[in-house]
Each structure stands twice: as C-alpha cells, then as structure tokens.
Amino acid sequence: MLKLQNVSFGVEGEHARKEILRDINLEIEDKKFIVITGPNGGGKSTLARVIAGIERPTGGKIYLDDTDITDMSVTERAKLGISFAFQQPVRFKGITVKDLIVLASGNPKLSTVGACEYLSEVGLCARDYINREVDASLSGGELKRIEIATVIARDTKLSVFDEPEAGIDLWSFNNLIRVFEKMHTEKERSILIISHQERILNIADEIVVIADGRVEKKGSKEEILPKLLEAAGGCRFYRESQEEEK
Ligand SMILES: Nc1ncnc2c1ncn2[C@@H]1O[C@H](COP(=O)(O)OP(=O)(O)OP(=O)(O)O)[C@@H](O)[C@H]1O
Ligand SMILES: [Mg+2]
C-alpha cells in the first residue's frame, strides 16, 4: 500500500511562496485501480512526480508498505516497485526502442520478440519501431506509447501514468484501455492513472479529484462520477461528454 501523509509541496516564487500541494492524505491500497482527475493546474502531475520521487515533498511523509520512502530517490523507489510514465515523455538520443524496453524489463536477455510484444500491446507495429532511436524523429503519440510500453515491461507493484491518453489516437486508446484492464485484473497490480477521460474514469475502483493542490473528493466511481457531471457548469469536458451520451 502507498500512503501519503500530510504531503505538501511548495516552491519559492519571485514575490511569494507558491503552495502547489497542500496537506494531501491519500492511501492507495494494493491491487487497486485509482484514477486522479481535476482541473488543469490543480497539482496532479506534481503529485505524480512526488510519488515517483522526481520531486521531494516540502512537508509530510510517503510510505510504501511500511517503508518510509519520503527521502528516497527515483531509482530507490523504482527498485521497491514504483514506475512512472510522464505526461510529456523524455527523448533519449542514442538509445534504441529495444534498448529502452530491455532496460525497463530488467532482463538483459529479453529477446527482440519479447520486446516486440510490449510494443504490440500499445498498438505499435513493433518491426517498424524496435530499432529506431528514441529521439526527436518519433511523433508525440509514438513516444508516449513507447513510454507506456516501458512501464508495462517494468511490471512493478505500482505503475503511475500521467495522462496516458494525451496525444494518442482513438484506435490505440481503445487498445490502451484493454491493456490497463489486463494489468489490473490478470496481474493484480496497483495502477494510478491521471486522466481527464471519462472512459478511464469509468474503469476506476476509486476516483480522486485534485483541485487547488488539495484532495477535493474521493470515493468509488459510482459515488464520484455523478458529482463530477453535476459540477459541469464551468467545465467544458464533462459537459460535452454528457451531451454525447444524450
Ligand atoms: N516548479 C514549479 N514552479 C512553479 N510553479 C509550478 C512548478 N511546478 C508546477 N507549478 C505550478 O503548479 C500548478 C500545478 O501543476 P501541475 O502540473 O501539477 O498541474 P496538473 O494538475 O497536472 O495540470 P494539467 O491538468 O494541466 O496537467 C500549476 O499552476 C503549475 O504552473
Ligand atoms: Mg498534469
């Protein structure tokens, strides 16, 4: 279980200090599928970075099972079983897609066929990609899917995906939903996804709404989804998805 206890994160601005996360308390039980949603700028990506160890909280504690991981590096947390896919993935010049997947899998003997399977999971025709460099020549959606494939290959206890749907076409998105469901049901992994997509919210065990750096709501999808739709007044996305359903 991942536990966040009074986690806050602030940065020193030019004139004043800015609190991006304020006193977040959250428990992610084992084998649960949690989706975090909320308005742009609410602090979701910051929270994901704090969980992955890319940012250190300025207050509070983070525990994985009963280990205090608050001061652990990304690598130490990865070893304990946390992996993270960025909202905007990083490119690695000089490294091929296969190298990246082999590294992620932790199995230096992973065959090309084995690596290709992970790419197929995210809808990429593996033969066309496996020997390409992870550089600027890849499109945004290709890069995003390759990064998701590396997190699947890592197969850790907890996988965190920041807006996996961003920039991904409809066909790959359908596939991706199946991949998440499979990870959840067959592998019984804990999955934390940051998403604005109703289809992803719909497969969550629990939805957490982060706004203004705080946990605004949390509960089962049955409990939270209708409330999100109710609050659609100023929120274009939820209003549109409601209209589509009519
Ligand atoms: N290092 C930083 N310095 C100053 N402000 C920051 C820093 N990191 C994040 N912020 C600000 O903190 C707020 C939360 O950012 P964050 O990226 O976590 O939002 P988000 O909920 O992921 O938004 P989105 O839905 O657009 O991805 C934003 O206003 C952002 O500009
Ligand atoms: Mg974000």
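Residues numbered from 1 in each chain as written. Chains lettered and ligands numbered in written order. Predicted model: local features only at pLDDT ≥ 70, side-chain atom pairs only at ≥ 80, totals over all residues.

Points about unusual backbone geometry
Right, on to step 1. Positive phi outside glycine occurs at Asp155, with the angle close to 50°.
Right, on to step 2. For Asp155, the position within the fold is in the loop between helix H6 (140-154) and strand S9 (158-162).
Right, on to step 3. According to the C-beta neighbour criterion, Asp155 is partly exposed, with 16 such atoms within 10 Å.
Right, on to step 4. Not every positive phi belongs to a glycine, and Glu163 is a case in point at roughly 45°.
Right, on to step 5. Looking at where Glu163 falls in the secondary structure, it is placed in the loop between S9 and helix H7 (170-185). (Helix = DSSP H or I, 4+ residues; strand = E, 2+ residues; numbered from the N terminus. Buried ≥ 20, exposed ≤ 12 C-beta atoms within 10 Å, placed from the backbone.)

Some details on H7
Right, on to step 1. For H7, built from 16 residues, the straight-helix expectation of 22 Å at 1.5 Å per residue is met to within 8% by its first-to-last C-alpha distance of 23 Å.
Right, on to step 2. The complete set of buried residues in H7 reads Ser172, Leu176 and Phe180. Down the axis of H7, the sector holding all buried residues measures 85°, keeping them to one side. Exposed residues pointing more than 90 degrees away from the buried face of H7 are listed as Leu170, Trp171, Arg178 and Thr185.
Right, on to step 3. Contact partners of the buried residues in H7: H6 and strand S10 (190-194). (Expected span 1.5 Å × (residues − 1). Arc of directions from axis to C-beta. Contact = placed C-beta atoms within 7 Å.)

Section: the packing of helix H3 (residues 97-105) against H6
Axes are the key here: two packed helices are described by the angle between their axes and the distance separating the axes.
Right, on to step 1. Between H3 and H6, the shortest axis-to-axis distance is 7 Å and the interhelical angle comes to 30°. Relative to H6, H3 is oriented roughly parallel. Considering the relative orientation of H3 and H6, their crossing is right-handed. Contacts between H3 and H6 pair Val97, Leu100, Ile101, Ala104 and Ser105 from the former with Ile146, Ala149, Thr150, Ala153 and Arg154 from the latter. (Axes fitted to C-alpha atoms, helices over the stretch in contact; angles between N-to-C directions. Parallel < 35°, antiparallel > 145°, perpendicular 65-115°, else oblique. Left-handed = near helix turned anticlockwise from the far one by under 90°.)

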